[in-house]
Amino acid sequence: MTKLDELINCIEHPHVYILMHNYPDQDALASALGLQVLFQARGKYATIIYHGIIDKVNTLKMLELLSIEIYPLQDVSLAPEDEIIIVDGQNGNINMADTNGQVIACIDHHQIQKTACYRFYDIRSDVGACSSIITSYFLENNIPITSDLATALLYGLKIDTANMTRGVNLLDITVFSHLYHCSNNKKLRSLEKSSIQLSDLVSYKKAIDSLKTYGPLAIANIGNDCSEAMIATVSDFLLTILEIEFSLVYSYRGGGIKFSARSALPFLDASDFIKTILAGYGDGGGHSNMAAGFVPNISTEEDATKLVELIISRAISYINHVPLLMLIHTPK
């Protein structure tokens with residue numbers, strides 16, 4: 001049987017819910033949409049749900065331009081017997097909301113966590129985007145991909161791999177070629193053009209004003225109450241600077257501190273980095289080249305500032321423990 005066959009066989013009800021990670025990005029949206037279409041092809045009906053806020057301009061445009069229907073978790077009345085399939089995340093992660101339904105399956109490309117809770121799982125940590133895994137289901141089962149769906153999957157793949165330059169493997173390359181020929185290039189260009197809006201420039205300014213560098217490491221505070229998407233976007237932006245090879249961006253928001261890390265160094269794992277520097281205060285995870293974390297229950301901005309100082313100290317110490325041969329930079 002194909003992976004899709006295995007997944008369909010573990011579903012008992014005619015209707016399922018597809019749950020994305022909190023504050024879903026383009027890869028999560030594309031993967032959820034693709035899975036919804038796959039289910040429809042196999043006689044199942046699926047509703048896409050999420051927790052959090054979608055406020056990034058190109059993500060909102062993706063929803064509108066490609067007619068993707070999603071529903072906030074708080075607007076859906078889940079019963080204990082409702083079946084849930086997670087895409088682009090895993091059960092128990094800090095960025096995955098708790099639900100009343102039962103999580104029966106998971107399709108993801110992050111580092112593998114506990115799997116005993118699933119009837120089916122397909123977690124491939126070496127794949128650059130969850131969209132690639134979902135696309136492979138279409139190809140393995142000869143299910144047609146519409147132009148809009150191909151555009152969504154291609155966009156999700158390009159975003160999560162930084163235009164095929166980050167964490168790419170053979171599957172990503174194979175599906176990229178297929179999706180490229182099926183997609184709507186005009187819509188894709190429209191999505192790629194709409195990456196930021198004028199109000200986002202405030203966060204860039206705050207990042208530049210607060211930027212501190214320690215050899216290849218750049219650390220920036222982008223201000224309070226920044227969106228998940230903006231924190232990640234600025235973290236990516238810092239890596240475009242010639243001298244920067246690792247970035248850590250943070251924002252005090254929602255009663256806690258949100259962190260985003262990016263690594264362009266093959267010997268410095270962003271996921272291990274974020275878990276280590278937040279240990280005892282919060283948690284995080286992701287990939288070797290991109291990761292995020294959160295420290296909850298910070299009551300005041302003053303407390304947040306003190307904790308950030310400690311975490312920055314840990315970050316610098318982590319970098320300094322990388323083998324000396326690899327650390328050719330000195331603090332600026």
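My aim in this report is to walk through the structure given alongside it, one point at a time. Given the structure is predicted, the values throughout are model-derived calculations rather than measurements.

Rules of the game
- Residues numbered from 1 in each chain as written.
- Predicted model: local features only at pLDDT ≥ 70, side-chain atom pairs only at ≥ 80, totals over all residues.
- Heavy atoms only, no water.
- Helix = DSSP H or I, 4+ residues; strand = E, 2+ residues; numbered from the N terminus.
- Rg over C-alpha atoms; globule rule 2.2 N^0.38 Å.
- Buried < 20%, exposed > 50% of the residue type's maximum accessible area, 1.4 Å probe, protein only.
- Salt bridge = Lys/Arg side-chain N within 4 Å of Asp/Glu carboxyl O.
- Pairing = 2+ DSSP bridges.
- Axes fitted to C-alpha atoms, helices over the stretch in contact; angles between N-to-C directions.
- Contact = heavy atoms within 4.5 Å.
- Core = buried A, V, L, I, M, F, W, Y, C linked by side-chain atoms within 4.5 Å.
- Phe/Tyr/Trp six-rings, centres within 6.5 Å; stacked < 30°, edge-to-face > 60°.
- Lys NZ or Arg CZ within 6 Å of the ring centre and 35° of its normal.

A closer look at the overall build of the protein
Alright, step 1. Assigned secondary structure in the protein consists of 11 helices and 12 strands.
Alright, step 2. A compact globule built from 332 residues should have a C-alpha radius of gyration of about 20 Å, and the protein, at 20 Å, falls within 12% of that.
Alright, step 3. With the C-alpha coordinates aligned to their principal axes, the bounding extent of the protein is approximately 60 × 40 × 40 Å.
Alright, step 4. The proportion of buried residues among the 332 residues of the protein is 52%.

A look at the pattern of salt bridges
Alright, step 1. For the structure shown, the criterion picks out 13 salt bridges.
Alright, step 2. The shortest N-O distance in the salt bridge between Arg-124 and Asp-122 comes to 2.8 Å.
Alright, step 3. The exposure class of Asp-122 is buried, given its relative accessible area of 4%.

Details of the sheet that holds strand β11 (residues 283-286)
Alright, step 1. A sheet is described by the order of its strands in space; here 6 strands give the open sequence β7-β8-β9-β10-β12-β11, paired in mixed fashion. Pairing within the sheet leaves two strands with one partner each, and these edge strands are β7 (212-214) and β11. Across the sheet, the axes of successive neighbouring strands diverge by a mean angle of 15°, strand direction being ignored.
Alright, step 2. As judged from the 8 bridges shared by strand β9 (residues 246-253) and strand β10 (residues 256-263), these two strands associate in the antiparallel manner. Among the inter-strand pairings, Ser-247 is bridged to a residue of β10, identified as Arg-262.
Alright, step 3. Sheet strands in contact with helix α9 (residues 228-238) are β8 (217-221), β9 and β10, and its direction is about 35° off that of β10.

Thoughts on the environment of Lys-3
Alright, step 1. Among the secondary structure elements, Lys-3 is positioned in helix α1 (residues 3-9).
Alright, step 2. The spacing of Lys-3 and Ser-136 is 133 residues in sequence and 9.3 Å in space, taken between C-alpha atoms.
Alright, step 3. Here Lys-3 is in contact with Phe-120, Asp-122, Arg-124, Tyr-137 and Glu-140, once residues within four sequence places are set aside.

A short note on the environment of Ser-260
Alright, step 1. Tracing the backbone shows Ser-260 in strand β10.
Alright, step 2. With 21 residues separating them in the primary sequence, Ser-260 and Leu-239 have C-alpha atoms 12 Å apart.
Alright, step 3. Beyond its immediate chain neighbours, meaning those up to four positions away, Ser-260 contacts Ile-231, Ala-232, Ser-235, Ser-247, Leu-248, Val-249, Ala-291 and Ala-292.

Section: the nonpolar core
Alright, step 1. Ranked by size, the top nonpolar core spans 52 residues in total, and within it Leu-35 and Phe-39 carry the most contacts.
Alright, step 2. In terms of residues, this core owes the most to one element, helix α2 (residues 26-41), which gives 8 residues.
Alright, step 3. Leaving out residues up to four positions away in the same chain, Phe-39 has contacts with Leu-7, Ile-8, Ile-11, Val-16, Ile-18, Lys-44, Ala-46 and Ile-85.

Things to note about the packing of aromatic side chains
Alright, step 1. Tallied over the full model, the rule gives 6 aromatic pairs.
Alright, step 2. Between Phe-273 and Tyr-318, the ring centres sit 5.2 Å apart and the planes meet at 90°, which makes this aromatic pair edge-to-face. Of this pair, Phe-273 sits in helix α10 (residues 270-278) while Tyr-318 sits in helix α11 (residues 301-320), placing them 45 residues apart in sequence. Across the pair, Tyr-318 and Phe-273 agree in class, each one buried.
Alright, step 3. Among the aromatic residues, ring-to-ring pairing joins Phe-246, Phe-273 and Tyr-318 into one connected group.
Alright, step 4. For the cation-ring pair, Arg-253 lies above Tyr-23, with the distance from its terminal atom to the ring centre recorded as 5.3 Å.

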